[in-house]
Every structure is written in structure tokens, then in C-alpha cells.
Amino acid sequence: MISPTMDQPHQNAALGLDPIRTIGRDELAAKLDRGDDFKLIMALNRWAYDAKHIPGSIHFDSPEELYAAVRPDDEVIVYCSHVDCLSSVAMYRDLVRRGYRNVRRYSGGLLDWEDAGLPLEGEFAAVP
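Counting of residues starts from 1 at the beginning of each chain's written sequence and follows it residue by residue. At least 70 in pLDDT is required for a residue's local features to be given in this predicted model, at least 80 for side-chain atom pairs to be given and counted, and no such filter applies to totals for whole chains, interfaces and linings, which use all residues. Hydrogens and water are ignored here; the side-chain numbers use all heavy atoms of the structure.

**Side note on the environment of Cys80**
- Secondary structure is summarised from DSSP: a helix means a run of H or I of at least four residues, a strand means a run of E of at least two, and numbering begins at the N terminus for each. Mapped onto the secondary structure, Cys80 falls in the loop between strand S3 (75–79) and helix H4 (87–97).
- Between the alpha carbons of Cys80 and His53 there is a distance of 9.0 Å; along the sequence they are 27 residues apart.

If you want it as C-alpha cells, here you go:
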């Protein structure tokens, strides 16, 4: 039995048992500030992305669009709304299964980012 941690999905999520490689909020913010070359992908639907997302994020409307735009050797960080949201877990597992070698999940997602007072973009992002 896997012991639960704050950055891993609930053990009964049924999307695989292998631990997920993660990235924390501070490291992600630093990578964005430095302008590091990586793909930050929001795993939620188009409506959610248009409403609110982390600056620098990209979104794909279909898996085919994602696979066409992101190479297996790209550094990829996926996220969704919060630690128990499984959209980013499913995307992470799919990318790893397809041979993407440098994938991590920002498990805190939008809620963690927004709770820290970090900037968001989108139709419903708060204006400072």
C-alpha cells in the first residue's frame, strides 16, 4: 500500500500505482521567471483554460494536437485544478506511457497557485 502524500493522487484513484514525478509551486514559479524552455500544459477543458490559467500555459483540445505539438524529449509540466484533480494525473500517465521522458505534475494546480497570490490569466482571473 502506498502511503498518501500531499503531492500524490489518492491511492484509490485507479490511474496507476507508480509514483508521479512532481514539481512544487516555488520551483515552477522560478522556471517561469527565468524563461526556462518547457511546456506547461493545463489538463482541463477549453472553458476552464479560457476562464483561468497560469501564465505561460498551453492547452490542447485533443490528444492528437498535444502529440503533434509536444515532442517526447520536451520538458513537460502538467497541471489541473488541485491535488485531487485527476485530469493532470491521466495526462501525466498517458505521456509517460507514450515514451515522454521528462514529465512532471504540478499537483497543487490552479488553487495552490492562486492561494499563493501568484498571477493568473483568463477571462475570470482577478485583476490586480
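**Considerations on the environment of Pro55**
- Structurally, Pro55 can be placed in the loop between helix H2 (46–51) and strand S2 (57–58).
- Here Pro55 falls in the partly exposed class, since its relative accessible area comes to 22%.
- Separated by 23 residues in sequence, Pro55 and Leu32 place their C-alpha atoms 8.5 Å apart.
- Residues count as neighbours in contact if any of their non-hydrogen atoms are within 4.5 Å of one another. In contact with Pro55, other than residues within four places in its own chain, are Leu32, Leu40, Trp113, Pro119, Leu120 and Glu121. Relative accessible area decides the class of each residue, using a 1.4 Å probe on protein chains only: under 20% of the type maximum gives buried, over 50% gives exposed, and in between gives partly exposed.

**As for the environment of Phe124**
- As for its position among the elements, Phe124 is in the segment after helix H5 (109–115).
- When residues no more than four places from it in sequence are discounted, the contact partners of Phe124 are Ala51 and Lys52.

**A short note on the sheet that holds S2**
- Strand order in the open sheet made by the four strands is S2-S1-S3-S4, with parallel pairing throughout. Two strands lie at the open edges of the sheet, namely S2 and strand S4 (102–106), each paired on one side alone.
- At least two bridges found by DSSP between two strands is the condition for calling them paired. Pairing of strand S1 (residues 39–42) with S2, which is carried by two bridges, proceeds in the parallel orientation. What sits directly across from Leu40, in S2, is Ser57.
- Together, S1, S3 and S4 form the strand contacts of helix H1 (residues 25–34), whose direction differs from that of S4 by roughly 120°. Only C-alpha atoms enter the line fits that serve as axes; for helices the fit covers just the stretch in contact. Angles between N-to-C directions range over 0 to 180 degrees.

**Quick word on the packing of aromatic side chains**
- Ring pairs are drawn from Phe, Tyr and Trp, using the six-membered ring of Trp, whenever the two centres fall within 6.5 Å, and their geometry is named by plane angle: stacked under 30 degrees, edge-to-face over 60, tilted for the rest. Using the criterion set out here, one finds one aromatic pair in the structure.
- Ring centres 6.1 Å apart and planes at 75° place the aromatic pair Tyr106 and Trp113 in the edge-to-face group. Like Tyr106, the residue Trp113 is buried in the burial classification.
- Charge-over-ring placement is defined geometrically: NZ (Lys) or CZ (Arg) within 6 Å of the ring centre, and within 35 degrees of the ring normal. The ring centre of Phe38 lies 5.1 Å from the NZ or CZ of Lys31, which sits over that ring.

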